[in-house]
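Coordinates in review
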Amino acid sequence: MIQLEHITKTFDHVEHGEHHEHHVLKDVSFTVEDGDTFGIIGESGAGKSTLVRCINLLEKPTSGKVIINGTDVTNYSGKQLVQLRRGIGMVFQNFNLFAQRSVLQNVTYPLEVAGEAKDAREARARKLLSMVGLSDKEKLYPSQLSGGQQQRVAIARALSTAPSIMLCDEATSALDTMTTNTILNLLKRINKELGVTIVFITHSLAVANSICNRIAVIDDGKIVEQGKTHDVFAHPQAKVTRELLDMEGKALA
Amino acid sequence: MEYLQAFFNQYGTLLAQGTWATIVMTFVSTALAYVIGIPLGVLVVVTNPDGLHPHRIFNTVLGWIVNIGRSIPFIILLVALIPFTRWIVGTSLGVPGAIVPLVVSAAPFVARMVEQSLQEVNGGLIEAAQSFGSSTWQIVYKVYLKESLPSLIRGGAITFITIFGYSAMAGTVGGGGLGDIAIRYGYQRYQNDVMFATIIILIILVQIVQSVGTHWARRIDKRNR
Ligand SMILES: Nc1ncnc2c1ncn2[C@@H]1O[C@H](COP(=O)(O)OP(=O)(O)OP(=O)(O)O)[C@@H](O)[C@H]1O
Ligand SMILES: [Mg+2]
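Attention in this report is confined to the structure presented alongside it. For clarity, every value in this text was computed on a predicted model and none was experimentally measured.

Scanning chain B from terminus to terminus reveals 10 helices and 0 strands. Starting at the N terminus, the α and β elements of chain B follow one another as α-α-α-α-α-α-α-α-α-α. Dimensions of chain B along its principal axes, counting C-alpha atoms only, are 70 × 45 × 25 Å. Out of the 225 residues in chain B, the part that is buried amounts to 48%.

Structure representation (structure tokens):
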């Protein structure tokens, strides 16, 4: 379970010699239950990435609490933080695969840094590669794969430490519709069969509709509505949600 | 032909020894410059404002040190360092005497080259590595250094060639090697043939090092295939 309580994030920056404060997240609270596929949707610059990065503390909240499985982890650092992150996989829009490592070496990376023995981590990686349908590609390098294949490697990599939570930041935004569907189906399977809780960021309502059981809509750093995906889409309350729905009406029809 | 025969009989050993001295001098200096320059370059990147452990003051001071080192012309450093060189290796002459100023001047250069190579690594990879629970040290050597290896090798060839050129300058203050030969025979005794021979050897060595560097970097780079 992931609980965010009154999270704010403020970036300081200096412009023309003047000190500015940029309030990117403003009192954000929500709870993601175990087994959820929780969507965070919003327009570009709304603060989605910043928010999801707060969950594994890649970004340190300015105030508020991050509670993972009942433990307040907000002030974790060093070994505790490393341990926490091993329990939370992450997948990125641009895949972020290590270009100089083979597919197999990419998938074993999280276990390698965890100090797992070579045989054990390779066995685990092969199992995951077979799950994502890329068993025959383990010796290739990321530059030799298509975007969809790269994202499947990235998903296998994120699962290598058997995390209970997976964060996906625009995991399908760089992919075409067909490939997006393949990736979404894979993520659904991971959620159902492995019981991994998924937090899925997207600016696409169609994608959110396909994979998320619950969603939160974020606008200018604030959660403007949240609830069951079906309810939110059927009875949108916030103006942004309606705007997003209008823009994407066709995609959902 | 006969002329060449006679030339090699007279100067062959001298040139061979000079070439060997230059190669040794350059190799040892490059290696030592990297021993100092890699940690410096890594520290600059890690303590950068958007690095893994931002530290403004440390980063600024380190930047100054590197810049000061880079801004002193080698020929001046060479002379200015003579007392220091004597203190370290006991002499300011010959190959050992040349290595000290070469390393001192090349280390900051290497630090910048390493910094540049590491900065080329996509920030997304660093973020991914962090999200998988890597320590700073693991990110440095498993991501920064590994991902930038082709670039580091290309930089290594450039460094090697730069030190190569500097080593010839070290010849002017009795540093040994091809530069020394060129000065003593070519400049002081007007033996243009010897000078010409040293130039040919230098050109060949530079070509070899550059193409080995380029090919090696291309071979290990997994991005372009
Ligand atoms: N490190 C940072 N320093 C300063 N400002 C930042 C930083 N990271 C993000 N921001 C700002 O915070 C705001 C929200 O950024 P964020 O990346 O969270 O948006 P997003 O909803 O993910 O957008 P997109 O859909 O384009 O990815 C933006 O205005 C951005 O400029
Ligand atoms: Mg984003």
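At the junction of the two partners, chain B supplies 22 residues and chain A supplies 24 residues. Summing both sides of the interface, chain B and chain A together bury roughly 2,200 Å²; the carbon and sulfur share of this comes to 56%. Inspection of the region where chain B meets chain A yields 2 salt bridges. Residue Arg-53 of chain A pairs with Glu-127 of chain B through a salt bridge whose shortest N-O separation is 2.6 Å. Inspection of the region where chain B meets chain A yields 12 residue pairs in polar contact (both at pLDDT 80 or more). Residue composition of the side of chain B that touches chain A, by class: 7 nonpolar, 7 polar and 8 charged.

Glancing now at the packing of helix α1 (residues 2-46) of chain B against helix α2 (residues 56-71) of chain B. Residues and elements named next belong to chain B. α2 packs onto α1 with a crossing angle of 140° between their chain directions and a minimal axis gap of 9 Å. Considering the angle they form, α1 stands oblique to α2. Where α1 crosses over α2, the two elements pack in a sense that is left-handed. Packed against α1, whose contacting residues are Leu-40, Leu-43 and Val-44, the element α2 presents Phe-58, Asn-59 and Leu-62 at the interface. Residues belonging to the contact of α1 with α2 are distributed by class as follows: 5 nonpolar, 1 polar and no charged.

Procedures and definitions
Residues numbered from 1 in each chain as written. Chains lettered and ligands numbered in written order. Predicted model: local features only at pLDDT ≥ 70, side-chain atom pairs only at ≥ 80, totals over all residues. Heavy atoms only, no water. Helix = DSSP H or I, 4+ residues; strand = E, 2+ residues; numbered from the N terminus. Buried < 20%, exposed > 50% of the residue type's maximum accessible area, 1.4 Å probe, protein only. Contact = heavy atoms within 4.5 Å. Buried area = accessible area lost by both parts, 1.4 Å probe. Salt bridge = Lys/Arg side-chain N within 4 Å of Asp/Glu carboxyl O. Polar contact = N/O pair within 3.5 Å; in protein donor to acceptor, adjacent residues only side chain to side chain. Nonpolar A, V, L, I, M, F, W, Y, C, P; charged D, E, K, R; others polar. Axes fitted to C-alpha atoms, helices over the stretch in contact; angles between N-to-C directions. Parallel < 35°, antiparallel > 145°, perpendicular 65-115°, else oblique. Left-handed = near helix turned anticlockwise from the far one by under 90°.

Bear in mind that shape data such as this cannot, by itself, settle questions of function.
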